[in-house]
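# Architecture at a glance
Spelled out from the first residue to the last, the chains are:
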Amino acid sequence: MDRKRSCTLCGGAVMLLLLLGHMTNALEVPLDPKVLEGLPQPPTITHQSPKDYIIDPRENIIIHCEAKGKPHPSFSWTRNGTHFDVEKDSKVIMKPNSGTLVIDISGEKAEAYEGVYQCIARNEHGSALSNNIVIRQSRSPLWSKEKVEPITVQRGMSLVLQCRPPAGLPPPIIFWMDNNFQRLPQNSRVSQALNGDLYFSNVLMDDNRNDYICYARFPHTQTIQQKQPITVNVLDIEAMNDTVLAAFLNGSDFWGDSPSGERAPTFMQPPGMHSTSMVLKGDTLQLECLADGLPTPDISWSKVNGELPSGRFSFHSFQKTLKITEVTDADGGDYRCLARNRLGSNHHIITVVVRAAPFWISAPQNLILAPKESGMLTCRADGNPKPTVTWSVNGIPIENSHKDPSRKIENGNIILSDVQTGSSAVYQCNASNEYGYLLGNAFVSVLAEPPRVLTPPNHVYSVITNSRALLDCASFGSPLPKITWFKNGQSVLDGDLYIIHKNNTLEINVARPVHSGKYTCIASNSLGNKENHVYLEVKEPTRILRQPEYKVVQRNSVAEFECKVKHDPTLIPSMIWLKDNMELPDDSRFEVGSDSLTIRDVREDDEGNYTCIRNTTLDQDSASAMLTVVEQPDPPTDLELTDQREHSVRLTWTPGYENNSPIQLFLIQYEDSLHKPGVWVNMTEVSGTRTTVNLELSPYVYYSFRVLALNEVGLSQPSAPSRQYRTNPAQPDVNPSDVEVVGTSPDSLTITWRELTGLESNGPGLQYNVSWRQKDVDQQWNSLSLANVSQYVVTGTPTFTPYEVTVQAVNDYGPGPTPEVVLGYSGEDLPTMAPENVKVSVQNGTMAVVSWDAVPLSTVQGRLNGYKVSYWKLRSLHKQDPEPKKPQELIFQENETESLLLGLHPYSQYNLNIRAFNGKGDGPSSPNQIFETPEGVPGPPADLKVENLNLDSLVVKWAPPVEYNGHLTGYLFKYQPINTTDELGPLKELLLAANETSVTLDNLKHSTRYKFYLNAKTVKGYGPTVTEEGVTIMDEAMTSKQVDIATQGWFIGLMCAIALLILVLLIVCFIKRNKGGKYPVKEKEDAHQDPEIQPMKDDDGTFGEYSDTEDHKPLKGSRTPSNGTVKKDDSDDSLVDYGEGGDGQFNEDGSFIGQYSGKKEKDTAEGNESSEAPSPVNAMNSFV
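A quick note: this is a predicted structure, and the numbers were derived from the prediction, not measured. (Residues numbered from 1 in each chain as written. Predicted model: local features only at pLDDT ≥ 70, side-chain atom pairs only at ≥ 80, totals over all residues. Heavy atoms only, no water.)

## Observations regarding the overall build of the chain
- The number of helices and strands found in the chain is seven helices and 88 strands.
- Relative to its 1184 residues, the chain shows a buried fraction of 43%.
- Carbon and sulfur atoms make up 49% of the accessible area of the chain, which totals about 61,800 Å². (Helix = DSSP H or I, 4+ residues; strand = E, 2+ residues; numbered from the N terminus. Buried < 20%, exposed > 50% of the residue type's maximum accessible area, 1.4 Å probe, protein only. Areas by Shrake-Rupley, 256 points an atom, 1.4 Å probe, with all protein chains shown as cover.)

## Structural notes on the side chain of Asn504
- Tracing the backbone through its elements, the reader meets Asn504 in the loop between strand S45 (498-500) and strand S46 (506-508).
- Residue classification places Asn504 among the buried positions, given a relative accessible area of 15%.
- Beyond its immediate chain neighbours, meaning those up to four positions away, Asn504 contacts Leu471, Cys473, Ser475, Ile483 and Trp485. (Contact = heavy atoms within 4.5 Å.)

## Quick word on the sheet that holds strand S43 (residues 482-487)
- Here five strands make up an open sheet; going across it, the order is S40-S48-S47-S43-S44 and the pairing mixed. If you trace the sheet from one side to the other, it starts and ends with strand S40 (459-464) and strand S44 (490-491), each paired once.
- Pairing of strand S47 (residues 517-525) with strand S48 (residues 528-539) involves nine bridges; the strand directions are antiparallel. The partner of Tyr519 across the bridge, within S48, is Val534. (Pairing = 2+ DSSP bridges.)

## Observations concerning a nonpolar patch on the surface
- Residues Leu1060, Leu1063, Val1064, Ile1067, Val1068, Phe1070 and Ile1071 make up a contiguous nonpolar surface patch of about 670 Å² in total accessible area.
- Within the secondary structure, Ile1071 sits in helix H3 (residues 1049-1074). (Patch = residues over 30% accessible without salt bridge, like charges linked within 9 Å, V, L, I, M, F, W, Y side chains within 5 Å. Salt bridge = Lys/Arg side-chain N within 4 Å of Asp/Glu carboxyl O.)

## Side note on the state of the cysteines
- Counted by the stated rule, this structure contains six disulfides.
- Across a sulfur-sulfur distance of 2.4 Å, Cys289 and Cys337 are joined as a disulfide pair. Residue Cys289 is located in the loop between strand S23 (285-288) and strand S24 (290-294), and its partner Cys337 is located in strand S28 (residues 333-341); the two are separated by 48 residues in the primary sequence.
- Residue classification places Cys289 among the buried positions, given a relative accessible area of 0%.
- Its relative accessible area of 0% is what places Cys337 among the buried residues.
- Here Cys379 is linked by a disulfide to Cys429, with a sulfur-sulfur distance of 1.6 Å. Judged by the torsion about the S-S bond (-65°), the Cys379/Cys429 disulfide is left-handed. Taken together, the positions of Cys379 in the loop between strand S31 (375-377) and strand S32 (380-384) and Cys429 in strand S37 (residues 425-433) put the pair 50 residues apart, joining distant regions of the chain. Here Cys379 and Cys429 have matching classes, each one buried.
- Disulfides within the chain link the bonded cysteines, taken in sequence order, as 1-2, 3-4, 5-6, 7-8, 9-10, 11-12. (Disulfide = S-S within 2.5 Å.)

## Description of the pattern of salt bridges
- Within the structure shown, the criterion is met by 38 salt bridges.
- Linking Asp292 and Arg263 is a salt bridge whose minimum nitrogen-to-oxygen distance equals 3.6 Å. Placement of Asp292 in strand S24 and of Arg263 in strand S21 (residues 263-269) is noted, with a sequence separation of 29 residues between them.
- By relative accessible area, which is 8% here, Asp292 ends up buried.

## As for H3
- Taking 1.5 Å per residue, 26 residues should reach 38 Å; H3 reaches 38 Å between its end C-alpha atoms and fits that length.
- Buried residues of H3: Phe1051, Met1055, Ile1062 and Cys1069, and no others. (Expected span 1.5 Å × (residues − 1).)

## Regarding the confidence of the model for the chain
- With 84% of its residues at a pLDDT of 70 or more, the chain shows a mean pLDDT of 83.
- Here residues 1-31 scores under 50 on pLDDT; set against residues more than four positions off or in separate chains, the count is 116 contacts. (pLDDT = per-residue confidence, 0-100.)

## Comments concerning the pairing of strand S33 (residues 388-393)
- As paired strands, S33 and S37 are joined by six bridges and run antiparallel to one another. Its bridge partner being in S37, Val393 is matched across the sheet by Tyr427.
- In this sheet, strand S34 (residues 396-397) lies alongside S33 in antiparallel orientation, the contact comprising two bridges. Along S34, the bridge assignment pairs Ser392 with Pro397.
- What sits between S33 and S34 in their antiparallel hairpin is a turn of two residues, with Asn394 showing a positive phi close to 55°.

## Points about the sheet that holds strand S75 (residues 847-853)
- Read across the sheet, three strands follow the order S74-S75-S78 without closing on themselves; strand pairing throughout is antiparallel. Since the sheet does not close on itself, it has two edges, and those belong to strand S74 (836-844) and strand S78 (898-902), each with one partner. The mean angle between the axes of side-by-side strands here comes to 20°, regardless of whether they run parallel or antiparallel.
- In this structure, S74 lies alongside S75, joined through six bridges in antiparallel fashion. Paired with Lys839 across the two strands is Ser851, which belongs to S75. (Axes fitted to C-alpha atoms, helices over the stretch in contact; angles between N-to-C directions.)

## Considerations on unusual backbone geometry
- The linkage connecting Lys70 with the following residue, Pro71, adopts the cis geometry, with an omega of 0°.
- A cis amide bond links Leu169 to the next residue, Pro170, at an omega of -5°.
- Mapped onto the elements, Pro170 comes out in the loop between strand S13 (159-161) and strand S14 (173-177).
- For Ser317, which is not glycine, the phi dihedral falls at a positive 50°.
- Locating Ser317 in the fold gives a position in the loop between strand S26 (313-316) and strand S27 (321-324).
- Given the relative accessible area of 21%, Ser317 is considered partly exposed.
- Located in the positive-phi region is Asp643, a residue other than glycine, with phi close to 50°.

## Quick word on the environment of Glu537
- With respect to the element layout, Glu537 can be found in strand S48.
- As a C-alpha pair, Glu537 and Ile464 span 73 residues in sequence and 8.4 Å in three-dimensional space.
- Excluding residues within four positions of it along the chain, Glu537 makes contact with Val460, Tyr461, Ser462, Val463 and Ser516.
- A distance of 3.1 Å separates polar atoms of two side chains, one belonging to Glu537 and the other to Lys539. (Polar contact = N/O pair within 3.5 Å; in protein donor to acceptor, adjacent residues only side chain to side chain.)

## What to know about the environment of Gly1030
- Considering the arrangement of structural elements, one finds Gly1030 in strand S88 (residues 1026-1031).
- In this structure, the C-alpha to C-alpha distance between Gly1030 and Ile978, residues 52 residues apart in sequence, is 10.0 Å.
- Not counting residues up to four positions away in its chain, the partners in contact with Gly1030 are Val946, Thr1008, Arg1009, Tyr1010 and Phe1012.

## So, the nonpolar core
- Counting residues in hydrophobic clusters, the biggest one holds 31 residues, and the most contacted among them are Ile63, Trp77, Ile103 and Tyr117.
- No other element matches the three residues that strand S9 (residues 115-123) contributes to this core.
- Beyond its immediate stretch of four places on either side in the chain, Tyr117 contacts Ile63, Trp77, Thr78, Arg79, Phe84, Ile103, Asn131, Asn132, Ile133 and Ile135.
- Counting 21 residues, the second largest nonpolar core, distinct from the first, contains Ile151, Leu184, Phe200 and Tyr212. (Core = buried A, V, L, I, M, F, W, Y, C linked by side-chain atoms within 4.5 Å.)

Printed below as a string of structure tokens:
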């Protein structure tokens, strides 16, 4: 049974492809010398020179021929169909281990080596042939000498200047130039044809010249040759008489025998109505149409019954040439060339015939067969006309080769069956027609090899989640091995999840983390098995989490793009930033961070598209954002003044570049070079979409205008000024504004105004006519003219008299409009009379009412502004004030004659007067009025404090009020207890005499907080209350109510530990004392005679309960402060006090107490001590 055999490749391993089942072609792959070393292989041509090889006669000839095979092939050549003995020609060298020929042509003519060469590579398994290589020498022959006669042509006629260069190999490149080596200009009227001739559709007088030169450049020899210059004379026959025309035509060719007037198009090339063009399939087709006519015709192209091939056609030489690349069979057919001018049109049909040199449909492929297998070599080619196919074996036509019973030819294919070892050979297929040939070599190699897996073992494949995974299992064997895949010991079947390709590659179309693991492929044939393990790792994809965003920034600012990424932790990412898909500029202003790009001092050329690319070894992600740089607009240009009138003009301009920020408005400014040169003034604004504005103008101004553009960034620089525009003078159209009439003294009147600007003057000779007269008096206006001033003072006026005033502008061309009348008054004088009938009515200790009579207006001598009431405290009626108070002043309107005086001090004496005032100042004061305020309630007592706190008594002290506000009649004292939750107890009151400043409270509760209230009193009542708080001290007897700490277990244990420690210390001290030493404890005993023993506290803060028949007395040296706490004395650690000479005692529960409560023997000199030893309870109470 026939089987298809193939060989697959992975990682540079080279494999052979075997033929399987249906005798289809196998792919030839180079052998891997490391893996397949020693396997035989027939020769294969790997490199050869082109079929048509044009050589440069100045260089050595190199004819390439390289081949591979096992064993390495040997090489030989044929020339013109016969054996070429290389060794006999000393000029020819064959490179070692190669078939390449190097022919030294120095001293020889290259023509001697022209011919058809073919290379044969052979070894013991067969022979391979190269193409027939045609060697031809490049040629650049000289231009044949010819006499070129001047050409005379009538203006308007067509003309062809022929080039006709010598035939070269390859053909030369043609171009036309003048004597200065400048290309002659070409256009739709004058153009070069494909054959190199220069065509004129019609000639002009400008075509007269004597240096039309055709040049031919031969590319292989890099030589340029030129034709003799051609002279063209263009005649305008209609402007010449016969004598002049005859003289001009003497000795020159005359081109054209018909009138030179306008005419419809006709075709010069190709001529007639129809032509044919042949092109080979795959080549480039060029069709041209050259037409004469006047005016110059326009050329257009179309395909009859079809469309021009999209993407493959183009027009050249001013639409005169149609170019179609990569010609296909469909490009055959009729093409219409249409020439048209205003007098008519004409067309030409070109029929394109497509032929084809032979081309492969299925070239013969190498076969590797196992012994007794079958296979087939195919050779399918096509062309137009249909090529002829012939077979050869090892370079010998198959019909002339030795007969092989395992080989036969059917339908142009070679069928091999039951092949035997040693029947390897190289077969050649030749397909040819009149336009060329194809030669294909294919070897048949018969091998018997066990399976080999060529994929490296334990190879790790890494892919990204959801991407495609391809696991290779490249193998070799003959017969072709069968491949089986396993994952973690489980068989992998071809299906939706897994795809096994023909080359045995295992594909996982959408890889997931679950697909990670170990994969095994097993290659097996009749000669054995081979397995290989590979591993798949599926990684997390790289994703940009925060993409760069579109930025609009101003020039010289900072732009920052972010690019934050998530990636597989086992992959190392890299960051690349691009600008407009190119590398970033090498500029220190660009700072690339781990996840950002910062551009400092942004410039205009930084604008563009920035792309962040995050790469890993497996994948990448990218994101882009635009950077737009904005700045102020460029200034407008091309200012123009149009529509010029007496009082208006139209200004037009061209906007400058917006710099990426739309223009919002245009600001128009003007300069008045007559009145304010160099000063630019804002005139008007217009929308950013407008480029013209009509400007209203003032007379007698020398205007220059400029325009500024505004966008979001700011104003542009000003445009260049417009030309100056002068308006004619006229009389003023406005009068001075802000006219004011002010009286500055009793006998004068000051008139002020705002002067007109130069723009408002409207003409030369500007003055101001100032007129005034007394109002409501029958008298003439007083007038005078002033210039360059803004005020005038009228003197000799009566005091505060109304006047009417006008100010009018006047120039050399007349007065301004009628001015408005302004009313004003002459100057004021001080009032002459004080208010009379001043009365004060005291309401209470802090308030009084004052009233007066208004002064007569005749005495004001101006405009009455109001009244000023001044009052001040003279003294207190209770005590002498250290110094009198400063006067207070109240101001009232002119229609007020009564007011309240608030904030007075009770029981005090005050003084008061009143005066009228106007704009000039104050009038005389009224006589002083003295009044007294009655008593009021007193102020709060001062310095309230609590002292001498005891168990059941305390003392409250205070100072009298700072403000008596009358005679004190006594104090109201109240107090009440406060419990631990701040609740108030019963309130008790005491009335105290005015001369008392303290009170002692007895029979109070111990350890209790009290709140005290105190008010001072006059006949008017009680003043404000002051408060204070105080606490009585704790009673010693309260300790008897505490829990007996001596009955607590923890206390007994603690006392036992202390007793044991003291016993040890006593023994140590006793030993030292017997030795006569003085120990430190003894020194402390001498310094501190009174022990103070503090029992331990229980968890609840109470003390142990002890009984004693003695009165409770505090220890000597202790004291009880007012807050109920006890300050501990300096020392309490004398061991003598505790133990030595004392009577040890135990309490009821047997605890050791003697060290604390035993009586201490003292010296008679220490008579201040109590005769009784202090009990632990007393010692405890002394600290409460």
